[in-house]
Amino acid sequence: MKKTVSSILLALILHPAAAVAQTRTIWHVTDTHVMSPKVCPVQGKAYDIYNFQEPQMDFHSVALFQAVIDSALTYRPDIMLLSGDLTKNGEKASHETVAEMLKPVKENGTKIYVIPGNHDLHNPTGCIYDIETVRRSPGLSEDEFVALYGEYGYGEAVSRDRTTLSYVAYPSDELALLCIDANDWTTAVNNGTEYPDTTERVSCAGALSEETLLWMEQQAALAGASGHRVFVALHQTLFHHFDKEKTLLASNLINADDSINDEGRLIQRFADMGVEVVFSGHRHFQDINYLTDSQDRKVWEINTGALVEQRPQYRICELTETELQVNTVVLRNVNLDGKGTSTDEYARQWFFSIKDQFLRALCIAAWPKVNEVLSTLPSFVKVLNLPDSYEKFYSLFDRYLADDVMQAYFIMAVGNEHFTDHSALIESIQAHVDAALLEICNNDEAIQKGVLMLLSVFAPDISFSTFAQDFFTSPLENYITANGGVVIDDDNCVIPLVNGTGMYVDGISTTDDAREGSDAYKSVYDLTGRKVDLRHTGRGIYSVAGHKYLKH
């Protein structure tokens, strides 16, 4: 009898159950932003000028990361995930420091997996700071990144995505990790001069191309077919964690403005792959949430806060056959000030001490969009006292909203916002928005009323009369309306694992239609829609007569 497709492909795989022999410990560490001492031996004028765009506890970054390393050496987790922004701004010296610091953890038996963040490659803000001068720092090419971190994931990869630095690895008998490079470096601003200036920025955006998603689907199916549960690690956030986040902080998200692979479709595709848990960073916020697909399958995202900002922290997760227990470790015993101040308290004090730098960074990022909106207003509105420059915009923001925004940002970054009543802060934000608008209207309440009516026409998505209520209630109360206002403990929770392993792989009911030489046999395609010859294809998913088959 002639061979059939089913003799070339494995028999239909229907969600093999995960066979977890033991509990696996997974540590999730992100946004370490390690700055090598070689990058800035002494803090001086140059560092202060060029660092204001994104202030962090750079000079403590090595000590904070070392505290995590020391704990890992003591407790020997099975797996350590580092989901991007390993370095301050992609300096070669900082990457070398990270790789060297990880070495004893690897030698101690922990499997380590890294992926790049938007700060780690192609970064125009990577600098060497002398006391008075600044110059560009050597960085790493993508090939150099893979070579340097060969012992930390890339050398263990069973498959690499052709277009990104994404890879898949199997750290244990029951788990596959899709480590995804979702960075979009094409929008980074680099003026190309020998000496960088403060207008240069690195892109925060994240994107998943169709080709990368198809590769992920292939790898998820192969992993599921062999009984592996599939988790994903990436840098940018997969989905929004509070209402209006797409408006307030869209650059945190994957494909935030992409109509082809929007959030809902991404969740559907991740659920179809059998992915239940995603580890991410980037926002520097501590938050756990989930979205559901059309079949009510949950995709959970563990978004972990940065190690170098408001509250230095990382995750310890325990994976069993039926659940993932998530716990948070807050660093408290790293003596950063030489006075024995608790590490988290030192970080809190530091954050509020850099109010001017922090808010200037926010305003620099917001001003182009604000200016664009102002330029589209009708001419008679422009007679108002509108800010016509970045400095005037910042001055207005600083006078009315600085303290409120700092407080709100800190609350969101630390997480578990719902533990405290923030209604007074929301009311304060609204009162200050009203006061700022009144100043713009030359302190004339009648004009202010008219402007509010006009804004309801030209900006129907934003109600300035209820701005704080609309935009800050959700992040400060920690929920997404679409999930029924679900509230989750952002520090310690249990994620039930119910979807099993592997993506859905269809099969045809009979092999008679797929005999070798038949029309069905000749109509075999890969997931990109390209016709293929089964005799010369590798492992993966293929479409045969409109159904998906898996080939080992």
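Numbering of residues starts from 1 in every chain and runs along the sequence as written. A pLDDT threshold of at least 70 governs which residues receive local features in this predicted model, and a stricter bar of 80 or more applies before side-chain atom pairs are shown or counted, although totals over entire chains, interfaces and linings include all residues. The side-chain numbers reported here are obtained from all heavy atoms of the structure, hydrogens and water having been left aside.

1. Here's the deal with the overall build of the protein chain
Scanning the protein chain from N- to C-terminus turns up 16 helices and 18 strands. To measure how exposed things are, a 1.4 Å probe is used in the Shrake-Rupley method; for residues, cover is taken only from the protein chains shown. About 23,100 Å² of surface is accessible on the protein chain, with carbon and sulfur atoms providing 52% of the total. Where helices and strands are cited, they refer to DSSP runs of H or I of at least four residues and of E of at least two residues respectively, numbered from the N terminus.

2. A short note on the sheet that holds strand β8 (residues 175-180)
Two strands are counted as paired when DSSP detects at least two bridges linking them. Pairing within the open sheet is mixed, and its seven strands lie in the order β6-β7-β8-β9-β10-β12-β11. Edge positions in the sheet fall to β6 (159-160) and β11 (287-292), since each has one partner strand and no second. Where strand β7 (residues 167-172) lies against β8, four bridges are found, and the strand directions are antiparallel. Considered in β8, the bridge of Ala169 is made with Leu177. Contacts are residue-level and defined by heavy atoms, with any inter-residue pair within 4.5 Å sufficient. To obtain each axis, a line is fitted to C-alpha atoms, and for helices this fit is confined to the stretch in contact; angles are then taken between N-to-C directions over 0 to 180 degrees. In the packing of helix α6 (residues 210-225) onto the sheet, the strands contacted are β6, β7, β8 and β9 (229-234), and the crossing angle to β8 comes to about 170°.

3. As for helix α8 (residues 263-272)
Residue pairs three or four apart in sequence face the same way in an α-helix, which turns once every 3.6 residues. Counted residue by residue, α8 has seven buried out of 10 residues, so it is predominantly covered. Burial classes: relative accessible area under 20% of the type maximum marks a residue as buried, over 50% as exposed, and values in between as partly exposed (1.4 Å probe, protein chains only). Residues of α8 that are buried include every one of Glu263, Leu266, Ile267, Gln268, Arg269, Phe270 and Ala271, and no others. Buried residues along α8 sit in contact with α6, β9, α7 (245-248), β10 (277-280), β11 and β12 (298-303). Just past α8, the residue Gly274 takes up positive phi, approximately 90°.

4. Side note on the sheet that holds strand β13 (residues 313-319)
What the six strands build is an open sheet, ordered β3-β2-β1-β13-β14-β15; its pairing is mixed. Looking at strand neighbours, the two that pair on one side only are β3 (111-115) and β15 (493-496), the edges of this open sheet. Between one strand and the next, the sheet's axes are offset by a mean angle of 20°, whatever the strand orientation.

5. Regarding the pattern of salt bridges
A side chain with one charge can pair with a side chain of the opposite charge if their charged atoms come near. Salt bridge, as used here: a side-chain nitrogen of Lys or Arg that lies within 4 Å of a carboxyl oxygen of Asp or Glu. Under the counting rule described, the total for this entry stands at 20 salt bridges. With a shortest N-O distance of 2.9 Å, Arg269 and Glu210 are connected by a salt bridge. On the criterion of sequence distance, the pair formed by Arg269 in helix α8 and Glu210 in helix α6 is long-range, its members being 59 residues apart. Residue Arg269 is classed as buried on the basis of its relative accessible area of 8%. Measuring nitrogen to oxygen at the nearest pair gives 3.6 Å for the salt bridge that ties Glu391 to Arg360. Taken together, the residues Glu391 in helix α11 (residues 390-400) and Arg360 in helix α10 (residues 355-375) connect sequence positions 31 residues apart.

6. Overview of the nonpolar core
With 139 residues, the main nonpolar core has Leu102, Val114, Phe231, Phe270, Phe279 and Leu324 as its most contacted residues. Broken down by element, this core gets its largest block of residues, 10 residues, from helix α12 (residues 402-414). Core analysis: the second largest hydrophobic core is formed by nine residues, Val39, Cys40, Ala46 and Ile128 among them. Buried residues of nine kinds, namely Ala, Val, Leu, Ile, Met, Phe, Trp, Tyr and Cys, make up a nonpolar core once their side-chain atoms join them within 4.5 Å.

7. Remarks on the environment of Gln56
Inspection of the secondary structure puts Gln56 in the loop between α2 (45-50) and α3 (61-75). Between the C-alpha atom of Gln56 and that of Lys88, which follows or precedes it by 32 residues, the distance is 8.9 Å. Once you skip the residues sitting within four places of it in the chain, Gln56 turns out to touch His33, Tyr47, Asn51, His284, Val308, Glu309 and Trp350.

8. Brief notes about the confidence of the model for the protein chain
pLDDT expresses, on a scale from 0 to 100, how confident the predictor is about each individual residue. Of the residues in the protein chain, 84% have a pLDDT of 70 or more, and the chain-wide mean is 84. Note on residues 1-20: pLDDT is under 50 here. Beyond four places in sequence and across chains, it has 47 contacts. Below a pLDDT of 50 lies the segment residues 502-515, which in the model reaches 52 contacts outside its immediate sequence neighbourhood of four places, other chains included.

9. Digging into the packing of aromatic side chains
When two rings of Phe, Tyr or Trp (its six-membered ring) have centres within 6.5 Å they constitute a pair, described as stacked for plane angles under 30 degrees, edge-to-face for angles over 60, and tilted for the intermediate range. For the structure on display, the rule yields 22 aromatic pairs. Taken together, a centroid distance of 5.3 Å and an interplanar angle of 75° make the contact between Phe351 and Phe352 edge-to-face. With a relative accessible area of 0%, Phe351 lands in the buried category. According to the relative accessible area criterion, Phe352 is partly exposed, its value standing at 28%. Taking 6.0 Å as the distance between ring centres and 65° as the angle between the ring planes, the aromatic pair formed by Phe467 and Phe472 counts as edge-to-face. Exposure remark for Phe467: the relative accessible area of 17% places this residue in the buried category. Here the aromatic residues Phe285, Trp350, Phe351, Phe352, Phe358, Tyr409 and Phe410 are joined through ring pairs into a cluster of three or more.

10. Notes on the environment of Thr304
Mapped onto the fold, Thr304 is located in the loop between β12 and β13. For the pair Thr304 and Gln286, spaced 18 residues apart in the sequence, the C-alpha separation amounts to 4.9 Å. Once residues within four sequence positions are removed from consideration, Thr304 is found in contact with His28, Thr30, Ser280, Gly281, Phe285, Gln286, Gln313, Tyr314 and Arg315. Contacts described as polar in this section are N or O atom pairs within 3.5 Å, which, within protein, must combine one atom able to donate a hydrogen with one able to accept it, while residues neighboring in sequence count only if both atoms come from side chains. A distance of 3.0 Å separates polar atoms of two side chains, one belonging to Thr304 and the other to Arg315.

11. Brief notes about the packing of α10 against α12
At a minimum axis distance of 11 Å, the contact between α10 and α12 shows a crossing angle of 90°. One element, α10, and the other, α12, form an angle in the roughly perpendicular class. Only Ala402, Asp403, Val405, Met406 and Tyr409 of α12 make contact with α10, whose side of the interface consists of Lys355, Phe358, Leu359 and Leu362. In this classification, Asp, Glu, Lys and Arg are treated as charged, Ala, Val, Leu, Ile, Met, Phe, Trp, Tyr, Cys and Pro as nonpolar, and every other residue, Gly included, as polar. Class assignment for the residues of the contact of α10 with α12 results in seven nonpolar, no polar and two charged. The labels follow the angle: roughly parallel below 35 degrees, roughly antiparallel above 145, roughly perpendicular from 65 to 115, and oblique for the rest.

12. With respect to the pairing of β7
The buried fraction of β7 amounts to six of the six residues, a majority that puts the element mostly inside the structure. Relative to β7, β6 is paired through two bridges, and the arrangement is antiparallel. Residue Arg160 lies in a different strand from β7, and its bridge partner there is Tyr167. Count of turn residues in the β7/β8 antiparallel hairpin: two residues.

13. Examining the state of the cysteines
In what follows, a disulfide is any cysteine sulfur pair within 2.5 Å. Inspection of the entire model under this criterion finds zero disulfides. A disulfide-free cysteine, Cys493 has its sulfur positioned 8.5 Å from the sulfur of Cys317, the nearest such atom. Judged by relative accessible area, Cys493 falls into the buried class, the value being 13%.

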